[in-house]
Amino acid sequence: MGDVGEYDSTMGDVAIRAEHLSREFHGVRAVDDLSFEVPVGIVFGFLGPNGSGKTTTIRLLLGLLEPSVGEAAVLGHDVRREAEAIRLRAGALLEYPGLYDRLTAEANLDFYGRIWHMPANDRRTRIRALLTQFGLWERRDERIGGWSRGMRQKLGIARALMHRPALVFLDEPTAGLDPIAAAALVEDLEALVAGEGVTIFLTTHNLHEAEKLCRRVGVIRSGHLLAVGTTEDLVRSTSGSRVEVIGRGFCERTLHLLEARPEVAGLGLRNGSLWIDLRDDAAVAPLVSLMVGAGVAIEEVRRERASLEEAFISLMEREV
Amino acid sequence: MIADIWTVTTKEWREYVILRGSARGGLLGLLVFAGFIGVVMPVELGASWVDTPIAIVSAFWLPLVLVLSVIGDSFAGERERHTLETLLATRLPDRAILLGKMAAAVGYGWALTLIATLLGLLAVNLVHGHGRLLLFRPLAGLGIAEVSLLGAALTAGAGGLVSLRSATVREAQQRLSIAVMGVFFGLLIGLQAMPRAWLNRLGEAILGAGEGPLLLVVGLLLGLVDVALLVALAIRFRRARLILD
């Protein structure tokens, strides 16, 4: 596991701490030696392809499965010994919304409110607030069997939030949604984190969504955690640094001079502008001085930033 | 714990009722069913409905039928509709989920049987009373309450075990149908294979035992089986196991 960004201990309490967490099924390790921390009050994105161990990790963290090896504490509770205490304070939208088709939207939420012993008045208020927030209040009396996947998914998230959990696990909440519904859901989640201060542990395939929502991410493949840190850390660590220089007068001599510099990993001309790949995130200023001295008329210098998607693909292509 | 069991039980009841259409239609349908079953046979039998053990026998098989119609759905249905894992991810203790579901099935079968029996009593009085009040003897009334409760628990326990091990409701119902037929034909073949002398002795023993001791023995036997099934369910009902099934 490569921790690309040091966890800042001043970020506050830790919602999840996993140490060498592993789970074996019939001799195969579905999750292998995961170590990471999720600070309180952020959206943590857990990224990985199908079958990489994301759902198993959530099951381990909820105490639904016992780890074969390793430890984990969720909201300060040990996953082996205090699973009920974890589930008391956590909410979860797992692979499916977990809703009862024969019941109305309101009855579904009411059932989960009763599970957490919410008083009747509080349940009514909370149901109204959540259904309004997700644009479902007008349809509260409908049985949800005929609802679209997007509406059910929204109701599933409302269900997971019903008892005001400190931590919510969302397993691919936008999977199967059309882009508009997915974007709306992401906005709803942003509003929730801002408004309620919950910690969200989110697994997703959608890297644009992760980039928009998540303060920190972990990347898992075949049960191994490849990287964990902020999205910026991840992008920086995997994509290096590319600089684009827009200007005139890039002659052969200037290019040779730049190539000779130790911090330059590669360069080339593209549509009249010069791109330079820097080693170890090196400074650009000395190169700019060199080019100006060589007679290049520079109009603009900008660092190109790879997307999280490019960083993710780069990680996926690496050997475990 | 009681509150948790009640939460699960009431959710199950709501689903049973809506299983038959709308909530109001579902309730009406159940009452019509209870009325039909409860009224037709008693009216046909007249005063002997309250004088002979027929009502007790009826109070044993009716909850079997009623519980069988819903118990397959208890765990297999949740699994099939992908709600089981979400339920297991809540704060509910294992025992609350298990006992809540069992209580829902038993309560459903028992309550409808008692309603059907009371409707039958009402019908018999209206049709055959002729000014007299026809009532069960106290021991017979107790027997009806006893066998219907224990019979419902027996079916819920056995059905719950089958449902826990089934992937779909259809699979659970098929297995339950096979099990019921197996028990029925097993008893039939067993009784036919029994030597005539033994059969006579058994009949004499039952008739000669008297209503009270007989109900006590039946109650004890059914109660023991019910407890054994509940223990088996509690052993089988493990979160991690259900998640992986």
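Residues numbered from 1 in each chain as written. Chains lettered and ligands numbered in written order. Predicted model: local features only at pLDDT ≥ 70, side-chain atom pairs only at ≥ 80, totals over all residues.

**Student:** Residues and numbers for the overall build of chain A, please.
**Tutor:** If you tally the helices and strands in chain A, you get 11 helices and 15 strands. With the C-alpha coordinates aligned to their principal axes, the bounding extent of chain A is approximately 80 × 45 × 35 Å. In chain A, which comprises 320 residues, the proportion classed as buried is 43%. A fraction of 71% describes how many contacts in chain A between residues 6 or more apart in sequence connect residues 24 or more apart. (Helix = DSSP H or I, 4+ residues; strand = E, 2+ residues; numbered from the N terminus. Buried ≥ 20, exposed ≤ 12 C-beta atoms within 10 Å, placed from the backbone. Contact = placed C-beta atoms within 7 Å.)

**Student:** Can you lay out the overall build of chain B for me, pointing to particular residues and giving the numbers?
**Tutor:** Regarding its fold elements, chain B presents 11 helices and 0 strands. When the helices and strands of chain B are read in sequence order from the N terminus, they spell out α-α-α-α-α-α-α-α-α-α-α. For chain B, the C-alpha radius of gyration of 20 Å lies close to 18 Å, the compact-globule estimate for 245 residues. In terms of principal-axis extent, the alpha carbons of chain B reach across some 55 × 45 × 30 Å. Looking at chain B as a whole, 40% of its 245 residues qualify as buried. In chain B, 85% of the contacts between residues at least 6 apart in sequence involve partners at least 24 apart. (Rg over C-alpha atoms; globule rule 2.2 N^0.38 Å.)

**Student:** Before we move on, can you summarise the packing of helix α7 (residues 138–164) of chain B against helix α10 (residues 211–236) of chain B with the specific residues and values?
**Tutor:** All names here are of chain B. With their axes 9 Å apart at the nearest point, α7 and α10 run at an angle of 20° to one another. Here α7 lies roughly parallel to α10, going by the angle between them. Our pair here, α7 against α10, has a crossing hand that is left-handed. Here the residues of the contact of α7 with α10 sort into 16 nonpolar, 7 polar and 4 charged. (Axes fitted to C-alpha atoms, helices over the stretch in contact; angles between N-to-C directions. Parallel < 35°, antiparallel > 145°, perpendicular 65-115°, else oblique. Left-handed = near helix turned anticlockwise from the far one by under 90°. Nonpolar A, V, L, I, M, F, W, Y, C, P; charged D, E, K, R; others polar.)

**Student:** Let's hear about helix α9 (residues 196–209) of chain B: which residues, and what values?
**Tutor:** Residues and elements named next belong to chain B. Counted at 1.5 Å a residue, the expected span for α9 with its 14 residues is 20 Å, and the 20 Å between its end C-alpha atoms agrees. For α9, the buried fraction is low: 0 of the 14 residues fall into the buried class. Just downstream of α9 lies G210, where phi reads positive at about 90°. (Expected span 1.5 Å × (residues − 1).)

**Student:** An account of the interface of chain A and chain B is needed here, citing residue identities and associated values.
**Tutor:** Facing the 23 residues of chain A at the interface are 21 residues of chain B. Looking at the side of chain A that touches chain B, the elements that each hand over two or more residues are α2 (83–89) and α3 (105–115) of chain A. Per element, the largest residue contribution to the side of chain A that touches chain B is 4 residues, and it comes from α3(A). Split into classes, the residues belonging to the side of chain A that touches chain B amount to 14 nonpolar, 2 polar and 7 charged.

**Student:** Quick one: what's the story with the pairing of strand β14 (residues 273–278) of chain A, residue by residue and with numbers?
**Tutor:** Residues and elements named next belong to chain A. Burial along β14 is one-sided: the face carrying L274, I276 and L278 is buried and the face carrying S273, W275 and D277 is not. Judged from the 5 bridges that link them, strand β12 (residues 241–248) and β14 form a sheet pairing that is antiparallel. Residue pairing for β14: R242 is matched across the bridge by D277. Examined bridge by bridge, strand β13 (residues 264–270) and β14 share 6 bridges and lie antiparallel to one another. Counted as the bridge partner of V264 is L278 from β14. What sits between the antiparallel neighbours β13 and β14 is a turn of 2 residues, in which N271 has the positive phi angle 50°. (Pairing = 2+ DSSP bridges.)

**Student:** Let's hear about the confidence of the model for chain B: which residues, and what values?
**Tutor:** Mean pLDDT over chain B stands at 87; residues scoring 70 or higher make up 97%. Both confidence scores are given for the complex: pTM 0.80, ipTM 0.83. (pLDDT = per-residue confidence, 0-100.)

**Student:** Tell me about unusual backbone geometry, residues and numbers included.
**Tutor:** Residues and elements named next belong to chain A. Although it is not a glycine, H20 sits at a positive phi angle of roughly 55°. You can see H20 is positioned in strand β2 (residues 14–25). The exposure class assigned to H20 is partly exposed, which follows from the 14 C-beta atoms found within 10 Å. You will see that R164, though not glycine, has its phi angle at about 55°, which is positive. Its location among the elements puts R164 in the loop between α5 (149–161) and β8 (167–171). Given 13 C-beta atoms within a 10 Å radius, R164 is considered partly exposed.

**Student:** An account of the nonpolar core is requested, with residue identities and associated values reported.
**Tutor:** Among the nonpolar cores identified, the biggest contains 140 residues, and V168(A) and V67(B) are the most heavily contacted of them. Looking at this core element by element, the count peaks at 14 residues for helix α6 (residues 94–128) of chain B. Aside from chain neighbours lying at most four places away, what touches V67(B) is A105(B), Y108(B), G109(B), A152(B), T155(B), A156(B) and G159(B). Within the second largest apolar cluster, 9 residues are counted, among which are V245(A), F250(A), L267(A) and L287(A). (Core = buried A, V, L, I, M, F, W, Y, C linked by C-beta atoms within 7 Å.)

**Student:** Any details on the pairing of strand β11 (residues 224–230) of chain A? Residues and values, ideally.
**Tutor:** Residues and elements named next belong to chain A. With 5 of its 7 residues buried, β11 lies for the most part within the structure. Here strand β10 (residues 216–221) pairs with β11 via 6 bridges, running antiparallel. Bridge pairing links V217 to G229 in β11.

**Student:** Which residues make up the sheet that holds β14(A), and what are the values?
**Tutor:** Residues and elements named next belong to chain A. In space, the 4 strands of this open sheet follow the order β13-β14-β12-β15, with antiparallel pairing throughout. Either end of the sheet is taken by a strand with one partner, and the two such strands are β13 and β15 (297–304). Strand-to-strand twist across the sheet, computed as the mean angle between neighbouring axes with direction ignored, equals 20°. Contacts between helix α9 (residues 252–259) and the sheet are confined to β13 and β14, with β13 contributing the most and set at about 155° to the helix. Running at roughly 160° to β15, helix α10 (residues 285–293) makes contact with β12, β14 and β15 of the sheet.

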